[in-house]
Amino acid sequence: MESWPIGVFASLDAGLGVKWDVIKELGLPTIQLHAPQPAKRDRATAEELKQQLDQMNVRCTAVFGGFDGESYADIPTVVKTIGLVPAETRESRLAEMRDIADFANWLGCDAVALHLGFIPHDSSDPQYAEIVKVAAELCQHCAGNDQFLHLETGQETAEGLLEFIAAVGCENLKINFDPANMILYGTGEPIEALRMLAKHIRSIHCKDATWSDKPGETWGCEVPLGKGDVDMRKYLETLHEIGYQGPLTIEREIPEDPVRQKQEIGGAIDLLTRLRDDILG
């Protein structure tokens, strides 16, 4: 496979990615897929989708978990509702993630990803050990399918993430690095974080954002690729520096405006193609 194939975050019936029928129009070689609704996470659906992707000559490189009841309305809501951190939904969501991992396996995909949620910053917090335990259980299930589990960046600082990965202690626990999320959540300079997390990074997003005037308290703003504070050239140069060769997956979350979404993804494809040709020669 060539270095840095360009991809897009896509969705069948849930989540914020481009709609399934847009995948073919974009003509990109890779996608990450938001897991479909529970009723469609069966073997027959997975095999049918795999056939369609094969016909389009598209490879699915990660399947992302998401859950009912999650909301990104503001940072305090994220703390309460996202991922495997909220204690009251933890067990049912772990069971769902196991199903999603099996679905990804039937689809022929060796990576499952998710926003784990806001891990307590203090590792002596009793919840911390519980979240380490649930992450390890999910890693073990993925290992049974010869899969990796990718944690999406955003809610944690790079240091916090390194400490958490060490605490879980599973070889197949990796990172899906999203530079814009570091800015949106106010958790650190993305390029610096990228270097720190380098050896754990197995997939990435190409997304851009501008800083909030109160980082960590209020959201930054997601913007079209190349229009924000990430510095896409520097981002790709640093990916090259750390030896990353996987897909450059564009994530642009404006499903309420599919026309604009497609236009901005088109602009992102042009920008990434130009930068890739420059950097890789």
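Because the structure is a prediction, the values reported are computed rather than measured.

Caption draft 1: Focus on the UniProt feature "domain: Xylose isomerase-like TIM barrel" (unreviewed entry) in the chain. UniProt annotation of "domain: Xylose isomerase-like TIM barrel" (unreviewed entry) refers to residues 21-263 when read in the numbering used here. Between the end C-alpha atoms of residues 21-263 the distance is 15 Å, and the span holds 43% helix and 16% strand.

Caption draft 2: Unusual backbone geometry, seen in detail. One non-glycine residue, W4, lies in positive phi territory at about 55°. As for its placement among the helices and strands, W4 is situated in the segment before β1 (6-11). With a phi angle near 70°, D231 is a residue other than glycine that sits in the positive phi range. Its place among the elements puts D231 in the loop between β10 (221-223) and α9 (232-241). Given a relative accessible area of 42%, D231 falls into the partly exposed group.

Caption draft 3: Fine view of helix α6 (residues 158-168). For α6, the set of buried residues is A158, L161, F164, I165 and V168. Buried residues in α6, looked at end-on, bunch into an arc of 125°, giving them a common side. Residues of α6 that are buried sit in contact with α5 (126-144), β6 (148-152), β7 (173-177), α7 (179-185) and α8 (190-197). Two residues or fewer after α6 comes G169, characterised by a positive phi angle close to 65°.

Rules and cut-offs
- Residues numbered from 1 in each chain as written.
- Predicted model: local features only at pLDDT ≥ 70, side-chain atom pairs only at ≥ 80, totals over all residues.
- Heavy atoms only, no water.
- UniProt positions renumbered as here; feature names shortened; annotations may be inferred.
- Helix = DSSP H or I, 4+ residues; strand = E, 2+ residues; numbered from the N terminus.
- Buried < 20%, exposed > 50% of the residue type's maximum accessible area, 1.4 Å probe, protein only.
- Arc of directions from axis to C-beta.
- Contact = heavy atoms within 4.5 Å.

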